[in-house]
There are 2 protein chains.
Amino acid sequence: MAKTSLFKRAEAGQTLSDGAFRAVRDQLRFELVDLQQRCRLNGAYPVIIVLSGVQGAGVVDSTNLLNTWMDPRWIRTHAFDTPSDEERERPLFWRAWRSLPAAGTIGLYLDGWYGEAVTAHARGRTSPAVFADHLARIKIFERALTDDGALIVKIWLHLSQKGHRQCADAHHDDPVFGFRASDDSWPQPASYPKFTAIAAKGIKATDTTEAPWSIVDGTDDNHRRAQVLTILRDAMAAHEKAWLAKSKAAKKSIKRAIKADNKNPLPKKKKIGALAKVDFSKTLGDDAYAKAFHTRQARIYDLQKKARAAGLSTIIAFEGWDAAGKGGAIRRLTYALSARNYKVVPISAPSDEERAHHYLWRFWRHLSRDGHITLFDRSWYGRVLVERVEHLTAENAWTRAYDEINAFEAELAAHGTLLLKFWLHIDNDEQLRRFKEREKTAYKRWKITDDDWRNREKWNRSWVAVDEMLARTSTPTAPWHVIPANDKSFARIKIFDIAIKALETALKGRKA
Amino acid sequence: MAKTSLFKRAEAGQTLSDGAFRAVRDQLRFELVDLQQRCRLNGAYPVIIVLSGVQGAGVVDSTNLLNTWMDPRWIRTHAFDTPSDEERERPLFWRAWRSLPAAGTIGLYLDGWYGEAVTAHARGRTSPAVFADHLARIKIFERALTDDGALIVKIWLHLSQKGHRQCADAHHDDPVFGFRASDDSWPQPASYPKFTAIAAKGIKATDTTEAPWSIVDGTDDNHRRAQVLTILRDAMAAHEKAWLAKSKAAKKSIKRAIKADNKNPLPKKKKIGALAKVDFSKTLGDDAYAKAFHTRQARIYDLQKKARAAGLSTIIAFEGWDAAGKGGAIRRLTYALSARNYKVVPISAPSDEERAHHYLWRFWRHLSRDGHITLFDRSWYGRVLVERVEHLTAENAWTRAYDEINAFEAELAAHGTLLLKFWLHIDNDEQLRRFKEREKTAYKRWKITDDDWRNREKWNRSWVAVDEMLARTSTPTAPWHVIPANDKSFARIKIFDIAIKALETALKGRKA
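Residues numbered from 1 in each chain as written. Chains lettered and ligands numbered in written order. Predicted model: local features only at pLDDT ≥ 70, side-chain atom pairs only at ≥ 80, totals over all residues. Heavy atoms only, no water.

### Focus: the relation of the copies chain B and chain A
Stated precisely, the cut-off is as follows: Copies overlap after least-squares fitting; the atoms used are the C-alpha atoms of residues with pLDDT of at least 70 in both. In what follows, a contact means two residues having at least one pair of non-hydrogen atoms within 4.5 Å.
Mapping chain B onto chain A leaves a residual RMSD of 0.0 Å; the transformation is a rotation of 180 degrees accompanied by 0.0 Å of translation along its axis. A rotation of that kind, with that shift, is consistent with a two-fold axis. When you check the interface residues of chain B against chain A, 99% turn up at the interface there too, and the contact is symmetric in its surfaces.

Right under this line is the structure:
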């Protein structure tokens, strides 16, 4: 295999004298601890450090060094193991998402999400195409995090082939700091050239401006430590500065948007979008509904049993106008399901743990195991609906969200999850009628608040946001279903029919 | 099998006319929704509803009814399935703890933690003694929750044997609301007398003042629904009242305790406790330490590998005075461990999700799978240390905590987890010396805050709390190890030696 030039500089066996290291050490340590405290106080972004490299090049030593120096309350080390069944039964990046550090804290990842990708390919379990796809998905994953403000520092610790061999000879018998091949969930293949060539491919494919790789010569302890610490110090310092600037710009952008709203409180609804085309003419009488309801319940009950057996995961996201009947539709749908088989996740204001993460984190968190059905009462689309309309999020963040959401849903699809998305559509008059009815009924009064009336005033602005969402996030694997919901009975049966058909198709696909 | 009298009243086949149910229905619904909102606004206690019963008696219908009526944002249904590997590799109640509703919300449990216990016994997989033990542990589990303010409502829906048979005949062919035997993770044995006799045993053993069972005749829909809703309404109303009173009393108790402190700011340290007996005379020179350290690292590395292979879980809890060297000891210990095999959990102020649960919840949350080592830097003992000394918790709550902690640790032991508890002890002068040293060193300055100096003033009060903790929570399976830590080297080697011996013993026990 041709010698890859990527590692050339890191194979020179660079050294640093004890004296030279001592001269910078305490200052580095002070600055790092200080940066960590400031990051904590800013509390606005997480720091993700990926440490990987050739065996013997100092990954474990670097981990220990950082853990020794930093305030342990705000740093946590992660090393992914062979996936458990709970992990295998969820999309690939589920465990990575779950483990992400909260804003203001540091996550230190041994091999990060690279160990699994590189090992599978090195062992011949994945084709070059699958490996390339895996790397591309890692890039998208990291991009979502850095776009959201995360700092990602990726360091590859290197040794030349000769250095690697010497190191192996020297340390192999050391019971503590020997090679510890047995520890590794992602053991490196015996062949140094093959392994480093694959690693180089991985590094090149994921070396981005937002999340760059640094390659460090691991031969000499002093040199390596000084390098790792300096890279981290510089990255944290630069990131803090950039974050403060971005954060200021975001606040300005929100102020501007609010001002623009005030000048133009009621934008015209576009007549060309999907919402304008909704046909409210179809209705369903009580008897027809009762009959249709019963047969569909039986069918969906049967299908969920088969989906459970086949290990098919289903996610159903409900969005719609206030009082459009999301809750009622969910209850009708779940009525016939086995309670052991589904979960309803209502989305309202995030908790502080959720707020301290990427906005998609709390949806990843709720993904169920294979065979289960998860129903979201409101969903990740809040980012481009309420957060946009209420100016909770700066424009560049919610415009970016369309791609992020499509990527998220592509990960669900890659796992084989069936995703259904419903927009329950009612018209303005029907909403008013329902609001008034709720106010009249004692046990429904909790359903209606001042917020709901306030939201009504933003109807047209929301309309524009919904139309754009439908246009930009309807994909072949996860199209939006716009349901005319002025007639509740018609809407509920429609939802049943779409869900039944989708389950049938997905189950057929499984058997083939 | 003798007819059990427990169910007699619920086998009469009681009914309620449509008119009579309609007359109370809307008022019940209004009150329940109103109680739910008030519970939410009080935000101070969770509501746990366990629904169980004879098949066909209306468990599913009751679940649907409550889910239909209540605000779905604050109620979640749980039904435990056959344990996953992640669940099996953790203590029995882990998944129950994880699922607990936050304060202000409702958890609705199908069969709760009873399904597993009753089924295992009904199928002959557990002896009467094991079944009785399981029930006793459920009682302790529920007691911990109710003591903490939770409302637990347990309802058993019943049918007479004749009613059960009739119901089976009538519904068996209904594809939606038939018996759905295949849904059940905890399928009921065919024999009605046997199953109800075992259920009766379970109910009797866990019918406590704090978490009583209600038995409801499930024959008639109207009667059953009215009963279930009334039981819940009455329980929620009574609980709210009791909680408001308790909460007032707790605030008063804290005020009283602070007043008493101010009158008597420096209690005498007891000369009779464990701390007074600590011998600080032993020290370890640098060379001896270096040598001892190296051999022990090798040994612990070897033992963690064996523990991993044997599936032995280890938890090491570190407590001690500020600056006693907890962090340093943890780092020395983990230095030689495989990063894939351990996790350090530093305990500081809880997040809002953690605050909304029982104080032990966040420790349950961090329990690792079998074979892993979890090191807690501070632990659940904060309840009887800082929370006591700082009057963050009322006296009756922290005095109760000794038993709760012992019960928690007994659950760890029952799972086979090895638990080590270290109190790192330094004297007052040594602490002062270390504080001053930290202030002098730039990169250690973050370790010392005004809080630390303030804590020092409460030294004697903490001493009393530590002594009482050591006396009341040293158990045969989880004794406290008080480590003289004025000499850091001596302390670290001592900790190594205790951990090594404990691992060796535990591993020997596994093989036997």
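So, next bit.
### A word on the interface of chain B and chain A
Defined as follows: Accessible surface is computed with a 1.4 Å probe, and the buried area is the amount of it that two parts give up when combined, taken over both parts together. Take a side-chain nitrogen of Lys or Arg and a carboxyl oxygen of Asp or Glu: if they are within 4 Å of each other, that pair is a salt bridge. Any N or O atom pair separated by 3.5 Å or less is treated as a polar contact, with the protein-specific requirement of one donor-capable and one acceptor-capable atom, and with residues adjacent in sequence counted only for side-chain atom pairs. Helical segments are the DSSP runs of H or I of at least four residues, strand segments are the runs of E of at least two, and each set is numbered from the N terminus. By the convention adopted, Pro, Cys, Tyr, Trp, Phe, Met, Ile, Leu, Val and Ala count as nonpolar, Lys, Arg, Asp and Glu as charged, and the other residues, Gly among them, as polar.
With 67 residues of chain B in contact, the opposing surface of chain A contributes 66 residues. Across the chain B to chain A interface the summed buried area is about 5800 Å²; carbon plus sulfur atoms make up 52%. Considering only the side of chain B, the residues that lose the most area to chain A are Arg-340, Tyr-443 and Trp-446 of chain B, jointly responsible for 15% of the buried surface there. The tally of links from chain B across to chain A stands at six salt bridges. Its salt-bridge partner being Arg-308 of chain B, residue Asp-81 of chain A comes within 2.3 Å of it at the nearest N-O pair. The tally of links between chain B and chain A comes to 16 residue pairs in polar contact (both at pLDDT 80 or more). At the level of secondary structure, the elements contributing two or more residues to the side of chain B that touches chain A comprise helix H1 (18-42), helix H2 (59-69), strand E2 (75-78), helix H3 (85-88), helix H10 (286-310), helix H11 (326-335), strand E7 (342-346) and helix H12 (352-355) of chain B. In terms of residue class, the side of chain B that touches chain A is built from 26 nonpolar, 15 polar and 26 charged.

### With respect to the pattern of salt bridges
A pair can form between side chains of opposite charge whenever their charged atoms are brought close. Residue and element names in this part refer to chain A. Filter applied, for reference: Using a 1.4 Å probe on the protein chains alone, a residue whose accessible area is under 20% of its type maximum counts as buried, one over 50% counts as exposed, and one in between counts as partly exposed.
Tallied over the full model, the rule gives 83 salt bridges over all chains. Among the salt bridges present, the one from Arg-73 reaches Asp-71, with a minimum N-O distance of 2.8 Å. Under the relative-accessibility criterion, Arg-73 is labelled partly exposed at 39%. Taking relative accessible area as the criterion, Asp-71 reaches 1% and is therefore assigned buried. Among the charged side chains, a salt-bridge network with shared partners connects Glu-430, Arg-433, Arg-434, Glu-437 and Lys-444.

### Let's talk about the nonpolar core
The following threshold applies: Put simply, a nonpolar core is a bunch of buried Ala, Val, Leu, Ile, Met, Phe, Trp, Tyr and Cys residues held in one set by side-chain atoms that sit within 4.5 Å of each other. Bear in mind that the domain bounds are from an automatic or database domain assignment.
Core analysis: the largest hydrophobic core is formed by 137 residues, its most contacted members being Trp-113, Phe-318, Trp-380 and Met-469 of chain B. Take this core: its biggest share by element is ten residues, from helix H19 (residues 488-511) of chain B. Each of two domains, domain 1 (5-248) and domain 2 (270-511) of chain B, supplies a minimum of three residues to this core. Core analysis: the next-biggest nonpolar cluster, separate from the first, contains 136 residues, Leu-312, Ile-316, Leu-375 and Leu-507 of chain A among them.

### Re the packing of H2 of chain B against helix H9 (residues 221-263) of chain B
Residue and element names in this part refer to chain B. Counted only if it meets this: The axes are straight lines fitted to the C-alpha atoms, using for helices just the contacting stretch, and the angles between their N-to-C directions are given from 0 to 180°. These descriptions rest on fixed angle ranges, namely under 35 degrees for roughly parallel, over 145 for roughly antiparallel, 65 to 115 for roughly perpendicular, and the rest for oblique. When the near helix sits turned anticlockwise from the far one by under a right angle, the crossing is termed left-handed; a clockwise turn instead gives a right-handed crossing.
It is at 11 Å that the axes of H2 and H9 come closest, and there the two elements cross at 55 degrees. In terms of their interaxial angle, H2 and H9 are classed as oblique. Note on packing geometry: the crossing formed by H2 with H9 is right-handed. In contact with Asp-61, Ser-62, Leu-65, Leu-66 and Trp-69 of H2, H9 contributes Arg-224, Arg-225, Val-228, Leu-229 and Leu-232.

Interpretation note: all reported values are geometric properties and have no functional meaning in isolation.
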